[in-house]
Amino acid sequence: MKLVILALSFVMLTAFGTVEKVSLNKTSNSEIVIGESFSLINDSKDKISIHTGTGFVSLNKGSKTSIGCNVGKEVRWANEGKKGDVIFKITADMCGKTLKLSELTK
């Protein structure tokens, strides 16, 4: 009897699952998450604020932050909690590296 109840419960629970079809041939502006991060160093003379694609970060001069390697996301200037102009887009070759802000703003 316990086996029948267990089997019936399993069938009922799996009936509510969803199947999502993923197309690999899709061409769009979607992001790809590599699963790593990269470090960004503020080598400017000023304190700056940026939006990393997922949140706002303030960096003192010489400080460093870690940014998730979400390929295709834009890192932007930030001012008073609002996104500004694009500084750079995250690319796969940035993952796992330490980059200086001055190298990306040229």
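Since the structure is predicted, the reported quantities are computational estimates derived from the model, not experimental observations. (Residues numbered from 1 in each chain as written. Predicted model: local features only at pLDDT ≥ 70, side-chain atom pairs only at ≥ 80, totals over all residues. Heavy atoms only, no water.)

The secondary structure content of the protein chain amounts to two helices and seven strands. What you see in the protein chain, going N to C, is helices and strands ordered as α-β-β-β-β-β-β-β-α. The buried share of the protein chain, taken over its 106 residues, is 25%. Contacts in the protein chain between residues at least 24 apart in sequence constitute 51% of all its contacts with a sequence separation of at least 6. Surface exposure of the protein chain reaches about 8,200 Å², of which carbon and sulfur atoms provide 55%. (Helix = DSSP H or I, 4+ residues; strand = E, 2+ residues; numbered from the N terminus. Buried < 20%, exposed > 50% of the residue type's maximum accessible area, 1.4 Å probe, protein only. Contact = heavy atoms within 4.5 Å. Areas by Shrake-Rupley, 256 points an atom, 1.4 Å probe, with all protein chains shown as cover.)

For the protein chain, the mean per-residue pLDDT works out to 82, and 74% of the residues sit at or above 70. Across residues 17-28, where pLDDT falls below 50, the model places zero contacts with residues more than four positions away in sequence or in other chains. (pLDDT = per-residue confidence, 0-100.)

Turning our eyes to something else, we now look at the sheet that holds strand 2 (residues 48-51). The four strands are arranged 3-2-5-6 in an open sheet whose pairing can be described as antiparallel. In the strand order of this sheet, the two ends are held by strand 3 (56-59) and strand 6 (82-89), each with one partner. Taking the axes of each pair of neighbouring strands and ignoring which way they run, one obtains an average angle of 35° across the sheet. Note: strand 2 against strand 5 (residues 74-79), two bridges, orientation antiparallel. In the strand pairing of strand 5, histidine 51 is matched with arginine 76. (Pairing = 2+ DSSP bridges. Axes fitted to C-alpha atoms, helices over the stretch in contact; angles between N-to-C directions.)

Our next topic: the pattern of salt bridges. Close approach of charged atoms allows side chains of opposite charge to pair. Counted according to the given criterion, the structure contains one salt bridge. Across the salt bridge formed by glutamate 74 and arginine 76, the nearest N and O atoms sit 2.8 Å from each other. You can call glutamate 74 partly exposed: its relative accessible area is 26%. For arginine 76, a relative accessible area of 23% gives the class partly exposed. (Salt bridge = Lys/Arg side-chain N within 4 Å of Asp/Glu carboxyl O.)

Here we come to the pairing of strand 5. Pairing of strand 5 with strand 6 involves five bridges; the strand directions are antiparallel. Along strand 6, the bridge assignment pairs valine 75 with phenylalanine 88.

What follows covers the nonpolar core. Core analysis: the biggest nonpolar cluster contains 16 residues, and Phe38, Leu40, Ile50, Phe88, Ile90 and Met94 have the highest contact counts within it. For this core, the elements supplying multiple residues, two or more each, are strand 1 (32-41), strand 2, strand 4 (64-71), strand 6 and helix 2 (101-104). For isoleucine 90, the residues in contact, after removing those within four places along its chain, are Phe38, Thr52, Ile67, Gly68, Cys69, Asn70, Val71, Gly72, Lys73 and Val75. (Core = buried A, V, L, I, M, F, W, Y, C linked by side-chain atoms within 4.5 Å.)

This next bit is on the environment of lysine 100. By the secondary structure assignment, lysine 100 is in strand 7 (residues 98-100). Note: C-alpha distance between lysine 100 and leucine 40 (60 residues apart in sequence) is 5.7 Å. If sequence neighbours within four positions are ignored, lysine 100 has contacts with Leu40, Ile41 and Asp43.

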